[in-house]
Amino acid sequence: MDEKISTADRRAAAICAAVRAIKRGSFLSYGEVARRAGLPGRARLVGKVLREAGDARPKLPWHRVTAAGGRIAFPAGSASARRQLRLLAREGIETRGNRAVVKRRSAGARSLDALLWKL
DNA sequence: CGGGTGACAACGT
DNA sequence: AACGTTGCCACCC
């Protein structure tokens, strides 16, 4: 049975591999996972793959994948969001509201919009 | 073939 | 920090 391996399946496999490669205690954004899987620009595909993998691959560390800037992709307060936050916290990742705290490089980069808002 | 949709990202206001 | 827009790509009607 020479199963034709569709590109979709090949991509899904690459994405799962990239997710499995995320070390315990750290996390990556969808875009970054896509890039590491050799699929730059396919962040949305990562989301789709993880959603479907949820039913079939309970071992996959899906909780280590966040939206840009550590934001949790699920609606704040939803069961899924709380589940993900709990799993991250359990690995020692600091969480704040509906996000995983990203290591800051410096404190001065946000002046721009902070101004607009604040005043 | 055209339009809607989504566990996204980047940018502007 | 919070929305709205646009770009993006794979899928499904």
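Everything below is about the structure shown above.
Quick notes on the rules
- Residues numbered from 1 in each chain as written.
- Chains lettered and ligands numbered in written order.
- Predicted model: local features only at pLDDT ≥ 70, side-chain atom pairs only at ≥ 80, totals over all residues.
- Heavy atoms only, no water.
- Near = heavy atom within 4 Å.
- Polar contact = N/O pair within 3.5 Å; in protein donor to acceptor, adjacent residues only side chain to side chain.
- Helix = DSSP H or I, 4+ residues; strand = E, 2+ residues; numbered from the N terminus.
- Nonpolar A, V, L, I, M, F, W, Y, C, P; charged D, E, K, R; others polar.
- Contact = heavy atoms within 4.5 Å.
- Expected span 1.5 Å × (residues − 1).

Enquirer: Just checking my understanding: could you explain the protein's contact with DNA strand B for this structure?
Expert: Residues in close proximity to DNA strand B total 13 residues, the closest being Y30, R44, R51, W62 and A68. In the environment of DNA strand B, a phosphate oxygen lies 3.4 Å from a nitrogen or oxygen atom belonging to the backbone of G31. Within the contact set of DNA strand B, a phosphate oxygen lies 2.7 Å away from a backbone nitrogen or oxygen of A68. Mapped by element, the contributors of at least two residues to the surface near DNA strand B are α2 (30-36) and α3 (43-56). It is α3 that contributes the most residues to the surface near DNA strand B, five residues altogether. In the surface near DNA strand B, the residues fall into eight nonpolar, three polar and two charged.

Enquirer: Got a minute to help me understand the side chain of Q84 in this structure?
Expert: Of note, Q84 is situated in helix α4 (residues 79-90). The residues contacting Q84, other than those within four sequence positions of it, are W62, H63, V65, T66, I72 and F74.

Enquirer: I would appreciate a short explanation of α4 in the present structure.
Expert: Side chains of residues three or four places apart in an α-helix project in the same direction, reflecting 3.6 residues per turn. Here α4 is twelve residues long and its end C-alpha atoms lie 16 Å apart, about the 16 Å a rise of 1.5 Å per residue gives. In this structure, the buried residues of α4 make contact with β2 (65-66), β3 (95-96) and β4 (99-100). Directly after α4, the chain includes G92, whose backbone phi takes a positive value near 90 degrees.

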